[in-house]
Amino acid sequence: VHGKITLLNGDGDMEFFGKLHMVDLAGSECAKSAGNEKGAPNEVARERERMNINRSLLTLGRVISILKERSENKNTNARIPYRDSKLTRILQESLGGRCKTVIVATLSPSITAI
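Described in the following lines is the structure provided in the data block. Counting of residues starts from 1 at the beginning of each chain's written sequence and follows it residue by residue. Totals for whole chains, interfaces and linings use all residues, but because this is a predicted model, local features are given only for residues with pLDDT of at least 70 and pairs of side-chain atoms are given and counted only at 80 or more. Only hydrogens and water are set aside when side-chain values are computed; all heavy atoms of the structure are taken into account.

## Some words on the overall build of the chain
Turning to step 1, where the next piece is worked out: A run of H or I in DSSP counts as a helix once it spans at least four residues, and a run of E counts as a strand once it spans at least two, with each numbered from the N terminus. Looking only at helices and strands, the chain has three helices and two strands in total.
Turning to step 2, where the next piece is worked out: The secondary structure elements of the chain, listed N-terminal to C-terminal, are β-β-α-α-α.
Turning to step 3, where the next piece is worked out: With 114 residues in all, the chain has 18% of them scored as buried.
Turning to step 4, where the next piece is worked out: Any two residues having at least one pair of non-hydrogen atoms within 4.5 Å are treated as being in contact. Within the chain, residue pairs in contact and separated by at least 24 positions form 34% of the contacts whose partners lie at least 6 positions apart.
Turning to step 5, where the next piece is worked out: All accessibility values rest on the Shrake-Rupley procedure with a 1.4 Å probe; residue burial counts only the protein chains present in the view. Total accessible area on the chain is roughly 9,500 Å²; 54% of this is exposed by carbon and sulfur atoms. For every residue, the accessible area (1.4 Å probe, protein chains only) is compared with the maximum for its type, and the residue is labelled buried under 20%, exposed over 50%, or partly exposed between those bounds.

Okay, here's the thing in C-alpha cells:
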C-alpha cells in the first residue's frame with residue numbers, strides 16, 4: 001500500500017507505505033471431525049498439513065507472548081522465535097517494530113471443533 005498526501009500549509013508532500021498480510025489458516029481442524037477415511041491416500045498429506053498449521057499457530061502464540069512481555073519490560077532479553085515457523089518468519093516485520101497489527105480469529109463454539 002502506498003499513499004501520498006500534500007500538506008495543507010504547502011510545505012511539501014508526505015508519503016506513506018504499508019503492507020497487508022492476509023493469512024488463511026483453514027484446515028487446522030480436528031482430525032477426527034475432518035470426515036476423511038483413515039486409509040485415504042490424501043489423509044497422510046492432510047494430517048501433515050494440519051500438524052504444520054498447528055505448529056505455526058503455537059509459534060505465533062509464543063512470539064506474541066514474548067513481544068507482550070517485552071512491551072511490559074518484564075523479559076527484555078528473551079529470544080523471539082520468529083524463525084521457528086514459516087508463518088512467523090513471513091509476519092516478522094509486521095509483528096515486531098513500528099507497526100499496527102490486527103489478528104482476526106473465527107472460532108467455533110461447537111464441541112466437535114475441539
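## What to know about helix α1 (residues 43-71)
Turning to step 1, where the next piece is worked out: With 29 residues, α1 extends 42 Å between its outermost C-alpha atoms, agreeing within 8% with the 42 Å of an ideal straight helix rising 1.5 Å per residue.
Turning to step 2, where the next piece is worked out: For α1, the complete set of buried residues consists of E43, R50, I53, S56, T59, L60, V63 and I66. Here the expected length of a helix is defined as 1.5 Å per residue gap, with one fewer gap than residues.

## Concerning the pairing of strand β2 (residues 13-17)
Turning to step 1, where the next piece is worked out: Pairing between strands requires that DSSP locate at least two bridges from one strand to the other. As paired elements, strand β1 (residues 2-6) and β2 share five bridges and run antiparallel to each other. Across the sheet, G3 pairs through a bridge with F16, a residue of β2.
Turning to step 2, where the next piece is worked out: Hairpin connection of β1 to β2: six residues between the antiparallel strands, including G10 at a positive phi of 80°.

## Regarding the side chain of T59
Turning to step 1, where the next piece is worked out: Of note, T59 is situated in helix α1.
Turning to step 2, where the next piece is worked out: The class for T59 is buried, based on a relative accessible area of 3%.
Turning to step 3, where the next piece is worked out: The residues touching T59, leaving out its near neighbours within four places in the chain, are P81, D84, S85 and T88.

## Focus: the nonpolar core
General note: in soluble globular proteins, nonpolar side chains tend to be found buried as a group.
Turning to step 1, where the next piece is worked out: Counting residues in hydrophobic clusters, the biggest one holds nine residues: L60, V63, I66, A78, I80, Y82, L87, L91 and L95.
Turning to step 2, where the next piece is worked out: With three residues, α1 is the largest single contributor of residues to this core.
Turning to step 3, where the next piece is worked out: Each residue touching L60, except ones within four places of it in the same chain, is listed here: L87, T88 and L95. Definition of nonpolar core: a set of buried residues of the types Ala, Val, Leu, Ile, Met, Phe, Trp, Tyr and Cys, connected through side-chain atoms within 4.5 Å.

## Digging into the pattern of salt bridges
Turning to step 1, where the next piece is worked out: For salt bridges, the criterion is a side-chain nitrogen of Lys or Arg within 4 Å of an Asp or Glu carboxyl oxygen. Tallied over the full model, the rule gives seven salt bridges.
Turning to step 2, where the next piece is worked out: K19 is paired through a salt bridge with E93; the nearest N and O atoms lie 2.9 Å apart. Pair noted here: K19 is in the loop between β2 and α1 and E93 is in helix α3 (residues 92-95), with a separation of 74 residues, a long-range link.
Turning to step 3, where the next piece is worked out: Under the relative-accessibility criterion, K19 is labelled exposed at 58%.
Turning to step 4, where the next piece is worked out: Taking the shortest distance from any N to any O, the salt bridge between R79 and D84 comes out at 3.3 Å.
Turning to step 5, where the next piece is worked out: Judged by its relative accessible area of 54%, R79 is exposed.

## A short note on unusual backbone geometry
Turning to step 1, where the next piece is worked out: The backbone of N73 shows a phi angle near 55°, a positive value even though the residue is not glycine.
Turning to step 2, where the next piece is worked out: When you line up the elements, N73 lands in the loop between α1 and α2 (86-90).
Turning to step 3, where the next piece is worked out: Among the residues examined, N73 registers a relative accessible area of 60% and is labelled exposed.

Spatial relationships are all this shows, so hold off on functional conclusions.
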